[in-house]
Amino acid sequence: MSDQKRPYRMRRRAELEELTRRRITESAVELHEELGPARTSIAAIAERAGVRRSTVYRHFPTEDALFDACSSHWRAANPPPDPSVWATIDDPAERTSSALRDLYAFYGRTQDMYSSLLRDELVVPPVHRRLRDFYRYLDTIEDALMAGRGLRGRAARRARAAIGHALAFTTWRSLTHEQGLGDTDAVALMCMLVETAARMASALSAPSAGGSRR
């Protein structure tokens, strides 16, 4: 009889271990969002999860292991907008507007976590390493919004700088929190910046009517 029960007990133990691991992960994510990673201790995670500190270390023996689990869990619950959707829009201005609307809405939903992560980026190395993926994601959007503008060299750098500024989380937070704009007005203002920068860059790089540029 005991031999028949052993597989059940092992399966049940594995399920409980997985539930404990998930509870620890969720507790860490909540504290990272509320306090920031720099102020989140293993003791605080253990207390919120209702386990011992040794249990946290047993499931996550290193800081990187804990951050990997937290990042995967949080990203699964908060997927960012898909840049491939905007790539199907031919008009660069319309593409920029669509991208900023979606991105600013995403920022609104995730502002507490990104505020905490960006604040602690320089003092918590695992945060710095994982934010690289976020910055690469923004680079991908920059490329999508530059496509079809026909700009090169210095003109392209000016337009890209305007786009990069518009995409930044800190820009959205400044416009909506410090300047009091709603997302709609913030998007309109940044679209105006980007399209003005693109037109100026194009005009400055074009040959004058009287002859070629020197």
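Read on for a plain summary of the structure. This is a predicted model, so every value here is computed, not measured.

Conventions and cut-offs
- Residues numbered from 1 in each chain as written.
- Predicted model: local features only at pLDDT ≥ 70, side-chain atom pairs only at ≥ 80, totals over all residues.
- Heavy atoms only, no water.
- 1 Å grid on protein atoms, 1.4 Å probe; cavity = no way out; pocket = protein on both sides within 12 Å on 5 of 7 lines; lining within 4 Å.
- Points joined across faces, edges and corners; volume = space filled by probe spheres on them.
- Helix = DSSP H or I, 4+ residues; strand = E, 2+ residues; numbered from the N terminus.
- Nonpolar A, V, L, I, M, F, W, Y, C, P; charged D, E, K, R; others polar.
- Buried < 20%, exposed > 50% of the residue type's maximum accessible area, 1.4 Å probe, protein only.
- Arc of directions from axis to C-beta.
- Salt bridge = Lys/Arg side-chain N within 4 Å of Asp/Glu carboxyl O.

### Looking at the layout of surface pockets
Phase 1 of the analysis: In this structure, the largest pocket occupies an estimated 370 Å³ of space.
Phase 2 of the analysis: Lining the largest pocket are 20 residues, and of these Ser71, Trp74, Arg75, Tyr114 and Leu117 lie nearest its centre.
Phase 3 of the analysis: Taken together, the elements giving at least two residues each to the lining of the largest pocket come down to α1 (2-34), α4 (63-77), α6 (92-120) and α7 (125-146).
Phase 4 of the analysis: With 6 residues, α7 is the single largest residue contributor to the lining of the largest pocket.
Phase 5 of the analysis: Here the lining of the largest pocket is composed, by residue class, of 14 nonpolar, 3 polar and 3 charged.
Phase 6 of the analysis: Taken together, 14 residues line the second largest pocket, and the ones lying closest to its centre are Thr40, Ile42, Glu63, Leu66 and Phe67.
Phase 7 of the analysis: Contributions of two or more residues to the lining of the second largest pocket are made by α2 (42-49), α3 (53-59) and α4.
Phase 8 of the analysis: Broken down by element, the residue count for the lining of the second largest pocket peaks at 3 residues, all from α4.

### A short note on helix α9 (residues 169-178)
Phase 1 of the analysis: Within the span of α9, buried status applies to Phe169, Thr171, Trp172, Leu175 and Thr176. Within α9, the buried residues cover an arc of 165° as seen down the axis, which keeps them to one side.
Phase 2 of the analysis: Once α9 ends, the next one or two residues include glycine 180, with phi positive near 75°.

### Remarks on the pattern of salt bridges
Phase 1 of the analysis: Per the stated rule, a full pass over the model turns up 12 salt bridges.
Phase 2 of the analysis: The closest approach of N and O atoms between aspartate 120 and arginine 119, which form a salt bridge, is 3.5 Å.
Phase 3 of the analysis: Residues arginine 136 and aspartate 133 are paired through a salt bridge, measuring 2.3 Å at the closest nitrogen-oxygen approach. With a gap of 3 residues between them, arginine 136 and aspartate 133 both fall in helix α7, about one helical turn apart.
Phase 4 of the analysis: Look at arginine 136 and you get partly exposed, because its relative accessible area is 48%.
Phase 5 of the analysis: One connected set of salt bridges, linked through shared partners, spans Asp64, Asp68, Arg129 and Arg130.

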